[in-house]
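These are the residues of each chain, in order.
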Amino acid sequence: MNTIFKIKSALLISALLALPVAQAATISKDEYKAGKTRISAEYKAAKAACTAMSGNAKDVCEDQAEGKEKVALAELEYAHSGKPADQTKVLTTKAKAEYEVAKEKCDDKAGNDKDVCVKEAKAAETKALADAKLGKQVGEARKDAAEDKRDADYKVAVEKCDALAGDAKSACISGAKAQFGKS
């Protein structure tokens, strides 16, 4: 069972890291509010389904419901904002939610089996959080690279303006500043 969990976690993280870190298409405020309402209703339904259970199965069910809600809210926030930081938050939220469920499932075991189970769950969480951090660093590196490219293009545009004189040169430089976001 732990092997399946590890494989699913690895595939999920790999798929998420393969997503481009670029700005996501954002949803409207009305879609955002509707999404929050839907997530809340789904959470309440999932939590209600857990009441029929008992013992550790109930605890696992409740942790799964809470984890799904937290992940869905993080994904909704990312869909609304499109910020790379929110994408990283989605990855970390998923890692933590999966850890909580895996750790709770370990309570069915005893002795060394339980200890091993908890350590495997913690290791999977640590790996997923490291992958999320790596994705954040890649995103920051891309942002820095884009800024460097924009600066280089700006310098080229200003250099081209140097061939002009007077008002034409001033207009050219103003246009370059506007185009490349310089003040």
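This text follows the structure it describes.
Below, the structure is looked at part by part. (Residues numbered from 1 in each chain as written. Predicted model: local features only at pLDDT ≥ 70, side-chain atom pairs only at ≥ 80, totals over all residues. Heavy atoms only, no water.)

**Looking at the environment of Thr88**
Here comes step 1: Topologically, Thr88 is positioned in helix H4 (residues 84-105).
Here comes step 2: Residue Thr88 is classed as buried on the basis of its relative accessible area, which comes to 14%.
Here comes step 3: With 44 residues separating them in the primary sequence, Thr88 and Ala132 have C-alpha atoms 5.8 Å apart. (Helix = DSSP H or I, 4+ residues; strand = E, 2+ residues; numbered from the N terminus. Buried < 20%, exposed > 50% of the residue type's maximum accessible area, 1.4 Å probe, protein only.)

**A word on the pattern of salt bridges**
Here comes step 1: Taken as a whole and judged by the stated rule, the model has eight salt bridges.
Here comes step 2: Across the pair Glu66 and Lys47 runs a salt bridge, and its minimum N-O distance is 3.3 Å. With Glu66 in helix H3 (residues 55-81) and Lys47 in helix H2 (residues 29-50), this pair connects stretches of sequence that are 19 residues apart.
Here comes step 3: For Glu66, a relative accessible area of 27% translates into the label partly exposed.
Here comes step 4: Among the residues examined, Lys47 registers a relative accessible area of 25% and is labelled partly exposed.
Here comes step 5: Note that Asp151 and Lys182 form a salt bridge whose closest N and O atoms lie 2.2 Å from each other. Here Asp151 is found in helix H5 (residues 111-161), whereas its partner Lys182 is found in the segment after helix H6 (166-179), with 31 residues between them in sequence. (Salt bridge = Lys/Arg side-chain N within 4 Å of Asp/Glu carboxyl O.)

**Things to note about the packing of H2 against H3**
Think of two packed helices as two axes; the pair is described by the angle between the axes and how far apart they sit.
Here comes step 1: Running from N to C, H2 and H3 point in directions that differ by 175°, and their axes come no closer than 9 Å. On the basis of the axis angle, H2 is roughly antiparallel to H3. Contacts from Lys29, Tyr32, Gly35, Lys36, Ile39, Tyr43, Ala46, Lys47 and Cys50 in H2 reach Lys58, Cys61, Glu62, Ala65, Glu66, Glu69, Ala72, Leu73, Leu76, Glu77 and His80 in H3.
Here comes step 2: Of the residues contributing to the contact of H2 with H3, the split by class is ten nonpolar, two polar and eight charged. (Axes fitted to C-alpha atoms, helices over the stretch in contact; angles between N-to-C directions. Parallel < 35°, antiparallel > 145°, perpendicular 65-115°, else oblique. Contact = heavy atoms within 4.5 Å. Nonpolar A, V, L, I, M, F, W, Y, C, P; charged D, E, K, R; others polar.)

**Thoughts on H3**
In an α-helix, one turn spans 3.6 residues; hence positions three or four apart end up facing the same way.
Here comes step 1: Compared with the 39 Å implied by 1.5 Å per residue over 27 residues, the 39 Å span of H3 between its first and last C-alpha is a close match.
Here comes step 2: Looking only at H3, the buried set comprises Asn56, Val60, Cys61, Asp63, Ala65, Gly67, Val71, Ala72, Ala74, Leu76, Tyr78 and Ser81.
Here comes step 3: Tucked inside the fold, the buried residues of H3 contact H2 and H4.
Here comes step 4: Taken from the residues just after H3, Gly82 is the one with a positive phi, measuring 75°. (Expected span 1.5 Å × (residues − 1).)

**Here we look at the packing of aromatic side chains**
Here comes step 1: Counting across every chain of the model gives one aromatic pair.
Here comes step 2: Taking the centre distance of 6.4 Å and the plane angle of 70° together, the rings of Tyr154 and Phe180 count as edge-to-face. Taken together, the positions of Tyr154 in helix H5 and Phe180 in the segment after H6 put the pair 26 residues apart, joining distant regions of the chain. For the residue pair Tyr154 and Phe180, the accessibility class agrees, reading buried in each case.
Here comes step 3: The side chain of Lys122 reaches across the aromatic face of Tyr99, ending 5.0 Å from its centre. (Phe/Tyr/Trp six-rings, centres within 6.5 Å; stacked < 30°, edge-to-face > 60°. Lys NZ or Arg CZ within 6 Å of the ring centre and 35° of its normal.)

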